[in-house]
Amino acid sequence: MKKYVLILAAFCALAAGCSKKSATTERFSSSANELKSDEFGVIDFIPNGELPSSVTFPAIQVQFSEPVVSLKELGEPSDKSDIFTIEPPLKGVFRWYGTSLLSFESSDKVIPQKSYTVRINPKTKSAGGKTITGNLTYSFYSEKLKMLSIVPGYESMKKGVYVDYDNVPLKEARDIGIYFNSPVNIKNIQKYLTVSSSSHSQYKYTASLEDNNVVHIKLNDASEKILEGEMITVRLAEGACSEEDCVKTDSAQEQDFKTIKPFAVEFIDSDPDYFGDDVINPAVIVFNSRIKDGTEAEIAKHITTSIQKNLTAKNISIRGSQIAVYGLPIKYDSEHTLTLEGGITDVYGRTLSLANPEVYTIKVGKARSYVRYKDYGMKMLEAQFAPRLA
């Protein structure tokens with residue numbers, strides 16, 4: 001849009017050049033220059049400041065206060081210009097879109113985090129013979145370094161394992177991938193990266209570079225503990241850059257995740273209906289972490305009930321973070337107690353620790369007064385057989 005505004009301004013400037021300028025005290029102010037009404041100079045320049053991340057092939061436009069070329073020169077492309085230079089150099093096409101508007105369209109990608117300087121030739125003259133005055137040096141820069149995201153459990157993530165940012169296992173918390181918006185120099189970027197937690201001010205780490213813009217960090221010092229249920233923060237310090245000659249960041253950047261919560265019981269469900277017909281009248285213990293498969297016999301050692309003291313693996317069913325206790329000689333519309341001790345193990349090898357056994361009251365509802373028959377599969381009733389309840 002600004003391109004068209006500048007083109008319109010070019011024609012306005014051309015029209016203004018044909019009119020009389022009366023008082024020399026009149027001044028023209030713009031973001032690029034402040035000029036007297038009879039002075040020739042730059043009245044607008046783009047781009048200014050930081051380029052958007054989407055712009056990799058920039059367009060540079062210089063709007064002069066008076067015509068510089070004749071109408072017949074408009075639109076003629078050229079790979080060079082005696083009006084301005086760009087440092088570092090960019091290849092591209094120069095083209096006049098108006099007698100006072102010079103545009104450069106780059107065919108080179110900008111270097112990430114790089115400052116570019118545009119210098120107007122001080123010998124530039126207007127079509128009327130005036131020598132240019134005012135500011136002749138302008139600059140812009142490509143997008144500064146940004147920490148786009150962090151990935152705890154980076155190696156596991158590459159294998160397709162999901163890691164919850166709000167519940168990161170301690171082992172995975174020591175393995176972090178950091179994604180940047182552009183390639184980085186691993187030796188330089190380490191000066192600006194720190195990893196800390198609420199219990200530890202700064203962890204030691206080793207870093208390696210992957211895919212040019214991904215830094216892989218490992219917290220290898222086992223003496224530096226990571227605790228359950230705390231926040232881990234990755235910080236990119238103010239003044240960070242990929243290379244020392246790059247444009248530096250203006251402020252610090254932080255991203256964080258939470259480590260796994262201490263292994264604990266969340267609640268007891270005494271009337272579940274989601275375990276299937278093979279698990280009859282279960283009491284379900286729900287934990288905040290998945291239970292280790294194949295540990296039914298061990299779990300049975302740590303659970304007792306008031307109606308059956310000794311349980312076996314046949315009384316235990318594991319489903320994710322849930323343990324169902326079932327197959328007990330219960331009576332409908334009654335109550336009994338379930339006592340849980342420590343010793344149960346989750347998938348991360350953590351053992352449930354309880355200061356004292358926890359006792360829960362299990363309420364058994366009334367017997368259901370209906371029977372549900374499936375009308376599909378192997379359990380369909382056939383007319384030639386007598387009805388039967390298993």
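Note: the structure precedes this text.
Residues numbered from 1 in each chain as written. Predicted model: local features only at pLDDT ≥ 70, side-chain atom pairs only at ≥ 80, totals over all residues. Heavy atoms only, no water.

Participant: Got a sec to walk through the nonpolar core? Specific residues and values, please.
Facilitator: By size, the foremost hydrophobic cluster in this structure holds 28 residues, and its most contacted members are I178, F180 and L193. For this core, the secondary-structure elements that each account for two or more residues are β11 (147-152), β12 (175-180), α4 (186-189), β13 (193-197), β15 (214-218) and β16 (231-236). Leaving out residues up to four positions away in the same chain, L193 has contacts with I178, F180, Y205, V215, I217, V234, R235 and L236. Among the nonpolar cores identified, the runner-up in size contains 25 residues, and L90, W96, L136 and F140 belong to it. (Core = buried A, V, L, I, M, F, W, Y, C linked by side-chain atoms within 4.5 Å. Buried < 20%, exposed > 50% of the residue type's maximum accessible area, 1.4 Å probe, protein only. Helix = DSSP H or I, 4+ residues; strand = E, 2+ residues; numbered from the N terminus. Contact = heavy atoms within 4.5 Å.)

Participant: Talk me through the pattern of salt bridges; I want residue IDs and the actual numbers.
Facilitator: Side chains bearing opposite charge may pair, as long as their charged atoms lie close to each other. Applying the stated rule across the entire model yields 14 salt bridges. The residue D245 makes a salt bridge to K114 at a minimum N-O spacing of 3.2 Å. Remark: K114 occurs in the loop between β8 (101-106) and β9 (115-120) and D245 occurs in the loop between β16 and β17 (253-258); sequence separation between them is 131 residues. For D245, a relative accessible area of 54% translates into the label exposed. Given a relative accessible area of 17%, K114 falls into the buried group. For K146, the salt bridge identified is with E143, shortest N-O distance 3.1 Å. K146 gets classed as partly exposed once you look at its relative accessible area, which sits at 35%. (Salt bridge = Lys/Arg side-chain N within 4 Å of Asp/Glu carboxyl O.)

Participant: Which residues make up the packing of aromatic side chains, and what values do they have?
Facilitator: Given two aromatic rings, one states the distance between the centres and the angle between the planes to describe the pair. For the structure on display, the rule yields eight aromatic pairs. For the pair F64 and W96, a centre-to-centre distance of 6.2 Å together with 35 degrees between the ring planes defines the contact as tilted. Here the residue F64 occupies a position in strand β5 (residues 59-64), and W96 occupies one in strand β7 (residues 92-98), the gap between them amounting to 32 residues. Owing to a relative accessible area of 0%, F64 belongs among the buried residues under this scheme. Judged by its relative accessible area of 10%, W96 is buried. Centre to centre, the rings of Y154 and Y179 are 6.4 Å apart; their planes meet at 65 degrees, and the pair counts as edge-to-face. Taken as a pair, Y154 in helix α2 (residues 154-158) and Y179 in strand β12 lie far apart in primary sequence, 25 residues in all. Looking at Y154, the relative accessible area reads 2%, which means it is buried. Judged by relative accessible area, Y179 falls into the partly exposed class, the value being 24%. (Phe/Tyr/Trp six-rings, centres within 6.5 Å; stacked < 30°, edge-to-face > 60°.)

Participant: Which residues make up the sheet that holds strand β20 (residues 303-305), and what are the values?
Facilitator: As summarised here, the arrangement of the three strands in space is β20-β23-β24, forming an open sheet in which the pairing is antiparallel. A strand with exactly one partner marks an edge of an open sheet, and here the two such strands are β20 and β24 (358-364). Mean inter-strand twist for the sheet, computed between neighbouring axes without regard to direction, equals 25 degrees. Here three bridges tie β20 to strand β23 (residues 334-340), and the two strands are oriented antiparallel to one another. Along β23, the bridge assignment pairs T304 with T339. (Pairing = 2+ DSSP bridges. Axes fitted to C-alpha atoms, helices over the stretch in contact; angles between N-to-C directions.)

Participant: An account of unusual backbone geometry is requested, with residue identities and associated values reported.
Facilitator: Leaving glycine aside, a negative phi is the common case for residues, and trans is the common case for peptide bonds. With omega at 5 degrees, the peptide bond leading from I46 into P47 counts as cis. Assignment of secondary structure puts P47 in the loop between β3 (42-46) and β4 (49-50). In the segment running from E87 into P88, the intervening peptide bond is cis, with an omega of -5 degrees. Within the fold, P88 resides in the loop between β6 (84-87) and β7. A positive phi angle is found at Q113, which is not glycine, with a value near 55 degrees. Among the structural elements, Q113 can be located in the loop between β8 and β9.

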